[in-house]
Amino acid sequence: MSNRRLLWPALALVALLLLNLVFTPSFFALRLQDGHLFGSLVDILRNGAPTLLIALGMTLVIATRGIDLSVGAVAAIAGAVACTHIADGGGPVTAMALALVLCAVLGLWNGFLVSVVGIQPIIATLVLMTAGRGIAMLLTEGQIVTIDDDVYRQVGAGFLVLPIAILISLAVLGGVALATRRTALGMLVESVGVNPEASRLAGVRARTIIWTVYVFVALCAGVAGLMISSNVSAADANNAGLWIELDAILAVVIGGTSLAGGRYSLTGTLLGAVIIQTLTTTVYTIGVPPEVTLVFKAVVVIIVCLLQAPRVAPALRRAPAPPKAEQEVEEVAVR
Amino acid sequence: GEGGSGGAAAGDDGTITIGFAQVGAESGWRTANTKSIQEAAEAAGIELKFSDAQQRQENQIRAIRSYVQQRVDVIAFSPVVETGWDTVLLEAKRANIPVILTDRAVDSDDTSLYETFLGSDFVEEGRKAGEWLVENATGPQKVVELQGTTGAAPAIDRKEGFEEVIASRPDIEIVASQTGDFTRSGGKQVMEAFLRSTPDIDVVYAHNDDMGLGAIEAIKAAGKVPGKDIKIITVDAVKAGMEALAAGEINFIVECNPLLGEQLMELAKKVVAGEEVPERVVTEETTFTQEEAKAALPDRQY
Amino acid sequence: MTVIAPPRVPSRFLPVIATFVVFVLTFGAGSVRYEGFASGQIVANLFIDNAFLIVLAVGMTFVILTGGIDLSVGAVVALSTMIAAAALRAGWPAWLTMLAVLATGSVLGLGMGLMIHKLRVQPFIATLAGMFLARGLCFVISVESVSIKDPAFRAIATESIPLGDVSITYSVVVALLVVAFAAYVLHLTRFGRTVYAVGGNESSATLMGLAAGRVKVGVYVISGFCSALAGLLFSFYMLSGYGLHAVGMELDVIAAVVVGGTLLSGGVGYVVGSVVGVLVLGTVQTIISFEGTLSSWWTKIVIGVLLLAFIALQRLIVHRQRDLQGLSRD
Amino acid sequence: MTDPTNPARTRPGNEPLVDLRGITVEFPGVKALQDVDFRLFPGEVHALMGENGAGKSTLIKALTGVHALDTGEIHLAGEPVSFAGPAQAQAAGISTVYQEVNLCPNLSVAENILLGREPRRFGAINGWAMRARAAKLLSRMGLTIDPGSALGNHPIAVQQLVAIARAVAVDARVLILDEPTSSLDAGEVAELFRIIRVLRDEGVAILFVTHFLEQVFQISDRVTVLRNGKVVGEHDTPKLSRITLVSAMLGRELGVLAEVERRTERRAADPAPLLVAEGLGRSGAIEPFDLEIHAGEVVGLAGLLGSGRTELARLLAGADRADTGRVLLDGRPLRLRSPRTALAKGIAYSSEDRKAEGLVSDLTVRDNMILAMQAARGWARQVPRRTADELVASYLARLDIRPANPDAVVGTLSGGNQQKVLLARWLITRPRLLILDEPTRGIDVGAKAQIQQVVADLAADGMAVLFISAELEEVVRICDRIVVLRDRHKIAELSGADAGVDDVMELIASGSTRVEVRS
Ligand SMILES: Nc1ncnc2c1ncn2[C@@H]1O[C@H](COP(=O)(O)OP(=O)(O)OP(=O)(O)O)[C@@H](O)[C@H]1O
Ligand SMILES: Nc1ncnc2c1ncn2[C@@H]1O[C@H](COP(=O)(O)OP(=O)(O)OP(=O)(O)O)[C@@H](O)[C@H]1O
Ligand SMILES: [Mg+2]
Ligand SMILES: [Mg+2]
């Protein structure tokens, strides 16, 4: 069933890619140069890596019926901490470690507000969304901290055949997939999201689980922030990760996960994140004028959503085949 | 703190209180601007009430209104946008508080609403960028433009000035133009896409240094040499930009000077003293080539 | 069979009351700290500066009560100012312009509502798409800001209504009328009660034979209309149309509604609470501009901290009361 | 399927008010209804019978427009109709109480009763008149609760009564009640039947679903039996024997009834108590009480609605925290901080409201069954897939859950089967004390016998069981000891031997005298 739901977003992605091909014949071309793989598709994945990373964490948070608006600010803080540390003469590895530790603390804070104090997630994380950017700017004193460090540059702009950013994101994707399948985390997260009271009565440590997912998304945001700042070798406290929370949530939802909590799809999130980045790249490559960029985006988002909508998708599927045949197909699929 | 309460201080003890409503802290340029004003106020012995509007006009209006309420001696602000100031400026006028605009003008038919306007001319900046290109370009040029935030005034004006000048050269053509939101990441991503979709780019015109710096990263990653294979022109002249210019990665920068604190304090004193001030004060701004940058860099303040 | 004794304060009012208490406390704290803070005009200014937010919060309250969310409100405000400015520049009469703006907002709301109800698209996405669309349309109309010179608009914008030694604007009157009307609709009409029912349990509401679908679409139309109306108030406030107006305002509005005691999961909350929520956020702004020495980053941090303090205090009050009344289950 | 010559098909002098012809409803993988014919006459009480999952609720939902028909047609008073939703069915005069309580917990009781038809004055809802009218309707149901109180604060039984009050508040031609009595006690049921009879005499056609055979014979005029989505018989109740009815439902000749009615034999309980509650209480919920439970013993809780049975159980399960008294387990004091600590000590609690507090509706049967076990192990140590599959398969078989598909989403199961899944969840944790709050709610006769047998077997294996049920006969039948509650006080304790239904009833009814019987 869920694979069927992803069919239409996947087709939308293909359509977007083909649209690019019309404007740029070499769009699918990949070439290997100095052991690095180059090409538009690689660009899309690399630029989409931070969004994907955050969206993965967000998927779990949303599955618990939560939401985290602070990820953009956390990403900015991670970049700011790392860059100021390096600028002050620190080593890149300690800088990154420092940044991630701080992000974990911020995740603990969000988790505390949501699971212990019981504040609605959107507001609990709004606090850090606002204050977090201030903290990032406090760290950089409002300046864009530019650094020149080859090790640090690797995170966002380095290559191991493929860009390292892509490898990191895919590794996290694999890790999350494994962690949610091979451990009971996935099921417990869903059960807390669907029915918190029933879960509590069944002895589920809802608090710990909620706490865990907020720390995890903050860590994802931290790594994403390192990527963003490493990619341009600078920390821009004000603009790094601006509105990335919306992109991440959008990716999750396009991927078929409901904001009402419960069942989620990591594959869907991957697809969603790629669609969003492809959309951005498409705008650049096919030369959409900046003033209609947003309208263009809106139209694509609406089309993707409509294709995937529970009401429309069956109608479209049903159109060619009579309903009875359809039922048979579903029956086979279920078994 | 000590600046807790304003009060009508000007007459009594001679201290001038100035309320300054800043746009925000959206760029290094803006932060330098804020810092300059704060330092100049301190140096001039003027009490500064400062507020940050977080890039929102309604917050700025709110701040100005509260300055009227607190009866400061002078109100100064950098308008987020040109339009929409009449109502609140009228309130200031009714309260007999003089207003100084910095950085941008307001679009109002009633020039009595403010005393003077101190700031750069964005269209002129665009023109300067265009002029350099027209003078230094031999043969046809394919230009890509990295615009600022869609709708932002500097973006609109810098584009306008630039286009106005290069119109004289039919062989200079803007082949692609896209917004990079004034940020480095934006500049880099857009430039990456341009490099794939548009072959043989000769010139990049970026509306600020940050996008130019992002473009440099993209050009390098594509295996080309910024400043040589592709020429880069930017506006602002913040430190990182100047360094890149001195290193030969940028070819030309048009300065947009954020350090107007001192000039502002001068004007404020004159206005309070009832002296005549000119309606328009343009900040001193220049342009930098690579050589000039090398020379200027050691004693740049920001 | 025991009759449940009526509690002293019905527990569902607690969050609203708590918010109000917190608001009064903060305001008191501001008056002690800043000279000139405790004036009637400051209170009046709270309404003047936030009239559009109040109207937006009313629309958002309807949506959130059904368990939905509307992210498009900020963008619709911007679009409304843009349409108003462009139409007036093109020489349309003021009344026609206003009608056009209100109609556009309602139609956008209708579109999103239909997408959400008929096609089961999640509200978050449907309205996010609406946000992109509305913001995008602004730039299609004009990239630059357009100033409003129409005398009627200017008159409404600048004229003030004296009330003793304070004065308010027409926008405040409009906002308060909207609040009163919304409270009437929510509590005294079938439509309003169905809004609560849908938020409480949508499938039950459907099985109870209520017009759940119509209500679900209806709240988005209301929110669209309120956004457009707020857009008009905003254009009185700014006297300009601009595509970058009201960026991020949707979050302010959602925050105000939630601070006002409305649950995002739907079914619980009051418009009055949302109004107090707006006033609370407005007070934060006022305090910050009175403080006058905060750097940009400290401004952000202080906003965050104050927001947190409000919510923490509010929760504390609610919990206290709940415990006293023996209502809590955990 | 239906025998056209069956005398019950025709009722002279009367046209059917509701006539379903050839109805088929399919869900992915399940044919919930197949070619079903069904007729409902005005002025009759018609019982719809069948095992869990037979398709009763689906039939009702198909009739009222909740589910679309795959084939077939509906005639209402001779006219073909097709409802797009419950609203239209209601407008056509069909008033329905669906199986799970479907009301809005955030609204007041009065609003829940009158939503959509509130009394209005000058176009505005008249809150005062509404509460007054609701109070009248409630008192007709024998309820004296404050109509202004929030529905969600009331226990499930009260909510069920409110739902019924809502349904009978309108002048409907057809009244449909899907298991309205599943959590009501005898008094409430009698009250309800009185109302049903009044309505029947006014000519309303009443469709009634229940698993209580006595109630069928007590109230219904005709019976239609469904099995696996097909009609297997339509009968006039007076001419029907219980044996015929049960074997029609189950599709086999079985001595279930005999089995059900056999009183489970007494067991010798462990002399040392497993769990002792001393002065345990919570203000506003239950007055301090003492209680001992031994291993291998089934203790029943009896009392009327709101007597505090659920509250007592929740304290023992750690679901609510006690504010007085203490609990000893194996003679050692035990701090029950949460259901989690209780579970860790081997105390499992199956709550009465399976929809809100029991199942995780979007998850599969497998996940729901192993949830508690998994929670006890922590998230890092997943129950191995093979262990999970084996456990789930064995309980699917042992409790005869249909469909026996571990990957089915639990929310799509029929009510009775959901209840069994929930029971399986707790059994899988192998508790030492199992607290069952209304475990047989909405369960068919066959399954009920099964569950009772399971309880007996568990006790024989040394498990202690605390059993709560609104059905007094059931409590008396299977419990070794019965604790009687009234008005949130423990008033008596009877040992199994001297307890009959009448004794317990008498205790409950005995107004002021508070008997204190200690075992
Ligand atoms: N929404 C649904 N999706 C899939 N299957 C369903 C759905 N609703 C019901 N079913 C299936 O249809 C069959 C009939 O269910 P129904 O609820 O009608 O049973 P019932 O006779 O009311 O049983 P009970 O006495 O347990 O309430 C069951 O096998 C059930 O699993
Ligand atoms: N008929 C009633 N009238 C008024 N209040 C009731 C009624 N029934 C229950 N209540 C309320 O229910 C609460 C206690 O119910 P509780 O769940 O403990 O009952 P119970 O004995 O478990 O009944 P059951 O489980 O059969 O519903 C109290 O708040 C009580 O006021
Ligand atoms: Mg049923
Ligand atoms: Mg109970």
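Here's a quick rundown of the structure. Worth saying up front: this structure is predicted, and the values here are computed from it rather than measured.

This paragraph deals with the packing of helix H3 (residues 73-89) of chain C against helix H10 (residues 212-238) of chain C. Residue and element names in this part refer to chain C. Interaxial distance between H3 and H10 falls to 8 Å at its minimum, and their mutual angle equals 55°. When the interaxial angle is binned, H3 and H10 end up oblique. Where H3 crosses over H10, the handedness of that crossing is right-handed. For the pair formed by H3 and H10, the contact residues are Val73, Val76, Val77, Ser80, Thr81 and Ala84 on the first element and Ser223, Gly224, Ser227, Ala228, Ala230, Gly231, Leu232, Phe234 and Ser235 on the second. Each residue belonging to the contact of H3 with H10 can be placed in one class, and the counts come to eight nonpolar, seven polar and no charged.

In this section: the packing of aromatic side chains. If you walk through the whole model with that rule in mind, you get 17 aromatic pairs over all chains. Plain terms: the ring middles of Phe20 of chain B and Phe50 of chain B are 6.3 Å apart, the flat faces sit at 15° to each other, and that makes the pair stacked. Taken as a pair, Phe20 of chain B in strand S1 (residues 17-22) and Phe50 of chain B in strand S2 (residues 47-52) lie far apart in primary sequence, 30 residues in all. Accessibility expressed as a relative area gives 0% for Phe20 of chain B, which makes it buried. Taken together, a centroid distance of 5.9 Å and an interplanar angle of 40° make the contact between Tyr34 of chain C and Phe37 of chain C tilted. Judged by relative accessible area, which is 5%, Tyr34 of chain C ranks as buried. An aromatic cluster is built from Phe20, Phe23, Phe27, Tyr34 and Phe37 of chain C, whose rings are joined through pairwise contacts. The side chain of Arg193 of chain C reaches across the aromatic face of Tyr196 of chain C, ending 4.7 Å from its centre.

So, on to the site of ligand 2. Residues in close proximity to ligand 2 total 18 residues, the closest being Arg309, Thr310, Glu311, Glu352 and Arg488 of chain D. What surrounds ligand 2 is not a single chain but chains C and D. Contacts to ligand 2 include Leu304 of chain D, whose backbone N or O atom sits 3.5 Å from an oxygen atom. A distance of 2.9 Å separates an oxygen atom of ligand 2 from a polar atom in the side chain of Arg488 of chain D. For ligand 2, the accessible surface in isolation is 610 Å², of which the surrounding protein chains cover 95%.

What follows covers the coordination of the magnesium ion (ligand 3). Distances from the magnesium ion (ligand 3) to its protein donors, Ser57 of chain D (OG) and Gln99 of chain D (OE1), fall at 1.9 to 2.0 Å. With a gap of 42 residues between them, Ser57 of chain D in helix H1 (residues 56-63) and Gln99 of chain D in the loop between strand S6 (94-97) and helix H3 (109-114) connect regions that are remote in the sequence.

All names here are of chain C. Viewed as axis vectors pointing N to C, H3 and helix H4 (residues 94-118) meet at an angle of 150°, and their least axial separation amounts to 9 Å. Taken as axis vectors, H3 and H4 run roughly antiparallel relative to one another. Read as a crossing pair, H3 and H4 show a hand that is right-handed. On H4, the residues touching Val76, Leu79, Ser80, Ile83, Ala84, Ala87 and Leu88 of H3 are Ala94, Thr97, Val101, Thr104, Gly105 and Leu108. Considered class by class, the residues forming the contact of H3 with H4 number nine nonpolar, four polar and no charged.

We now examine the nonpolar core. Core analysis: the largest hydrophobic core is formed by 340 residues, its most contacted members being Ile75 and Phe77 of chain B together with Ile113, Val162 and Met369 of chain D. The greatest single-element share of this core, amounting to 15 residues, is contributed by helix H2 (residues 40-65) of chain C. Composition of this core by domain shows at least three residues from each of domain 2 (255-346 + 431-519) and domain 3 (361-430) of chain D. Among residues more than four places away in sequence, those in contact with Phe77 of chain B are Phe20, Ala21, Gln60, Ile64, Trp85, Leu89, Val99, Ile100, Leu101, Thr102 and Val106 of chain B. Core analysis: the next-biggest nonpolar cluster, separate from the first, contains 38 residues, Tyr284 and Val288 of chain A together with Phe182 and Ala244 of chain B among them.

Time to look at the site of ligand 1. Residue and element names in this part refer to chain D. Of all residues adjacent to ligand 1, which total 20 residues, the nearest are Gly53, Ser57, Thr58, Ser414 and Gly416. Between ligand 1 and Thr412 there is a distance of 3.0 Å, counted from an oxygen atom to a backbone nitrogen or oxygen. One of the side-chain N or O atoms of Ser414 is found 2.8 Å from an oxygen atom in ligand 1. Look at ligand 1: alone it shows 640 Å² of surface, and the protein chains cover 86% of it. Among the secondary structure elements, those contributing two or more residues to the shell around ligand 1 are strand S2 (30-40), H1 and helix H15 (415-428). Considering every element that reaches the shell around ligand 1, the biggest residue donor is H1, with three residues. Of the residues assigned to the shell around ligand 1, the class counts are six nonpolar, eleven polar and three charged.

Cut-offs and rules
- Residues numbered from 1 in each chain as written.
- Chains lettered and ligands numbered in written order.
- Predicted model: local features only at pLDDT ≥ 70, side-chain atom pairs only at ≥ 80, totals over all residues.
- Heavy atoms only, no water.
- Axes fitted to C-alpha atoms, helices over the stretch in contact; angles between N-to-C directions.
- Helix = DSSP H or I, 4+ residues; strand = E, 2+ residues; numbered from the N terminus.
- Parallel < 35°, antiparallel > 145°, perpendicular 65-115°, else oblique.
- Left-handed = near helix turned anticlockwise from the far one by under 90°.
- Contact = heavy atoms within 4.5 Å.
- Nonpolar A, V, L, I, M, F, W, Y, C, P; charged D, E, K, R; others polar.
- Phe/Tyr/Trp six-rings, centres within 6.5 Å; stacked < 30°, edge-to-face > 60°.
- Buried < 20%, exposed > 50% of the residue type's maximum accessible area, 1.4 Å probe, protein only.
- Lys NZ or Arg CZ within 6 Å of the ring centre and 35° of its normal.
- Near = heavy atom within 4 Å.
- Polar contact = N/O pair within 3.5 Å; in protein donor to acceptor, adjacent residues only side chain to side chain.
- Areas by Shrake-Rupley, 256 points an atom, 1.4 Å probe, with all protein chains shown as cover.
- Donors = N, O, S within 2.8 Å, 3.2 Å for Na, K, Ca; no water.
- Core = buried A, V, L, I, M, F, W, Y, C linked by side-chain atoms within 4.5 Å.
- Domains from an automatic or database assignment.

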